[in-house]
Amino acid sequence: MSNPDAGAVPVLNVANVLTVVRIVLVPFFVWFLLADAGNGGVFRWLAVVTFAVAIYTDKLDGDIARSRGLITNFGKIADPIADKLLIGSALILLSALGELQWWITIVILVREFGITLLRFAVIRYGVMPASRGGKLKTVVQTLAIFLYLLVPALGSWAQLPALVVMMAALAITVVTGIDYVVQAVRLRRSARNSAR
């Protein structure tokens, strides 16, 4: 189904509401994870469930936006911000709890927030939607975080698979970050050439 012009779609729609719900879930996820403090108890499981629900809203809002033609500029900006809030808080807390190396968290967060700032910097030239590589990066990051969240419950054997997936996520994160920078440069150059 083809999407109508983004400007004609109301900002208040089910896809954008789901994006906002994901943002609202972040403080609950943070509280549950901190309350557990790495013990693998009930609060850890609540954190896992909250994370899973939040990630599902990411898939759901995207599917709804595309199938019903509800793609808006707000959604293009808010959706990746919601993802970064959830993923960023998870990475920071896992590192603070000593379950994930800080350097991994720092590299991912520098890329994530750097690209978000870049999006805002070039917004007057056009909106950079999430690329396929960016979507793959989000999927692999969330899978890696999900595995790390489950390690206390599954046991130490789960640490290696979690680390392997996280390394893959890190590689994709860096490569797609470079790709977004190239896109931004092209977008700016194209807009300036059109203005001449």
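Rules and cut-offs
- Each chain has its residues counted from 1, following the order in which its sequence is written.
- Given that the model is predicted, a residue must reach a pLDDT of at least 70 before its local features are reported, and side-chain atom pairs must reach 80 or more before they are shown or counted; all residues, however, enter totals for whole chains, interfaces and linings.
- Hydrogen atoms and water are omitted, and side-chain values are computed over all heavy atoms in the structure.
- Throughout, the protein atoms alone are placed on a 1 Å grid, and a set of points is a cavity if a 1.4 Å probe fits but cannot get out or a pocket if it is open with protein on both sides within 12 Å along at least five of seven lines; lining residues have an atom within 4 Å of a point.
- Grid points are joined across faces, edges and corners, and a volume is the space filled by probe spheres set on the points.
- Under the DSSP-based scheme used, a helix requires at least four consecutive residues in state H or I and a strand at least two consecutive residues in state E, with every element numbered from the N terminus.
- The term salt bridge refers to a pairing of a side-chain nitrogen on Lys or Arg with a carboxyl oxygen on Asp or Glu at a separation within 4 Å.
- Only protein chains enter the accessibility calculation, which uses a 1.4 Å probe; a residue whose area is less than 20% of its type maximum is buried, one above 50% is exposed, and one in between is partly exposed.
- Only C-alpha atoms enter the line fits that serve as axes; for helices the fit covers just the stretch in contact. Angles between N-to-C directions range over 0 to 180 degrees.
- Whether a crossing is left-handed or right-handed is set by the direction in which the near helix is turned from the far one by less than a right angle, anticlockwise for left-handed and clockwise for right-handed.
- Residues are treated as being in contact if the distance between any of their heavy atoms lies within 4.5 Å.
- Just so you know the grouping, Ala, Val, Leu, Ile, Met, Phe, Trp, Tyr, Cys and Pro go in nonpolar, Asp, Glu, Lys and Arg go in charged, and all remaining residues, Gly too, go in polar.
- Ring pairs shown here join Phe, Tyr and Trp side chains whose ring centres sit within 6.5 Å, with only the six-membered ring taken for Trp; geometry is labelled stacked below 30 degrees between planes, edge-to-face above 60, and tilted in between.
- What makes a nonpolar core is a set of buried Ala, Val, Leu, Ile, Met, Phe, Trp, Tyr and Cys residues whose side-chain atoms join them at distances within 4.5 Å.
- Pairs of N or O atoms within 3.5 Å make up the polar contacts considered here, provided that, within protein, one atom can donate a hydrogen while the other can accept it, and that residues adjacent in sequence are counted only when both atoms are side-chain atoms.

Visitor: Tell me about empty space enclosed by the protein, residues and numbers included.
Guide: Counting across every chain of the model gives one cavity of 30 Å³ or more. Space inside the largest cavity adds up to approximately 40 Å³. In terms of lining residues, the largest cavity is bounded by Ile77, Pro80, Ile81, Thr116, Arg119 and Phe120. Those elements that place two or more of their residues in the lining of the largest cavity are helix 3 (73-96) and helix 4 (102-121).

Visitor: I'd like a rundown of the pattern of salt bridges, residues and numbers included.
Guide: Counted under the stated rule, the structure contains eight salt bridges. Put simply, arginine 22 and aspartate 83 hold a salt bridge, and the shortest N to O gap is 3.1 Å. You can see arginine 22 sitting in helix 1 (residues 14-36) and its partner aspartate 83 sitting in helix 3, a full 61 residues away along the chain. Among the residues examined, aspartate 83 registers a relative accessible area of 9% and is labelled buried. Among the salt bridges present, the one from glutamate 99 reaches arginine 44, with a minimum N-O distance of 2.6 Å. In this pair, glutamate 99 sits in the loop between helix 3 and helix 4 while arginine 44 sits in helix 2 (residues 42-67), placing the two residues 55 residues apart along the sequence. Owing to a relative accessible area of 22%, glutamate 99 belongs among the partly exposed residues under this scheme. Looking at arginine 44, the relative accessible area reads 2%, which means it is buried. Here the salt bridges do not stand alone but share partners, grouping Arg22, Asp58, Asp79 and Asp83 into one network.

Visitor: Give me the packing of helix 3 against helix 5 (residues 132-154): which residues, what numbers.
Guide: At their nearest, the axes of helix 3 and helix 5 sit 11 Å apart, and the two run at 35° to each other. The chirality of how helix 3 crosses helix 5 is left-handed. Residues Asp83, Lys84, Ile87, Ala90, Leu91 and Leu94 of helix 3 touch helix 5, and the partners they reach there are Lys137, Thr138, Gln141, Thr142, Ile145, Tyr148 and Leu149. For the contact of helix 3 with helix 5, the per-class residue count stands at seven nonpolar, three polar and three charged.

Visitor: Account for the packing of aromatic side chains, with residues named and values stated.
Guide: Aromatic ring pairs are reported here in terms of the distance separating the ring centres and the angle at which the planes meet. Overall, the coordinates contain four aromatic pairs when judged by the stated rule. Here tryptophan 31 and phenylalanine 32 contribute two aromatic rings whose centre-to-centre distance is 5.6 Å and whose plane-to-plane angle is 65°, an arrangement assigned as edge-to-face. Given a relative accessible area of 15%, phenylalanine 32 falls into the buried group.

Visitor: Just give me the short version of the nonpolar core, but keep the residues and values in it.
Guide: Ranked by internal contacts, the top residues of the largest apolar core, which has 32 residues, are Phe29, Phe51, Leu91, Leu100, Ile145, Leu149 and Met166. Of all the secondary structure elements, the ones that give two or more residues to this core are helix 1, helix 2, helix 3, helix 4, helix 5 and helix 6 (159-195). With seven residues, helix 5 is the single largest residue contributor to this core. Other than its neighbours up to four places away in sequence, phenylalanine 51 contacts Phe29, Leu86, Ala90, Thr142, Ile145, Phe146 and Leu149.

Visitor: Mind laying out the environment of leucine 154, listing which residues take part and the relevant values?
Guide: Position of leucine 154 among the secondary structure elements: in helix 5. On the accessibility criterion, leucine 154 (38% relative accessible area) is partly exposed. Counting along the chain gives 114 residues from leucine 154 to glycine 40, while the straight-line C-alpha distance between them is 9.1 Å.

Visitor: Report on the side chain of lysine 84, specifying residues and quantitative values.
Guide: If you trace the backbone, lysine 84 turns up in helix 3. Classification of lysine 84 as buried rests on a relative accessible area of 7%. In this structure the side chain of lysine 84 is engaged in a polar contact, spanning 3.3 Å, whose partner is the side chain of glutamate 112. Among residues more than four places away in sequence, those in contact with lysine 84 are Ser89, Glu112, Phe113, Thr116, Arg119 and Lys137.

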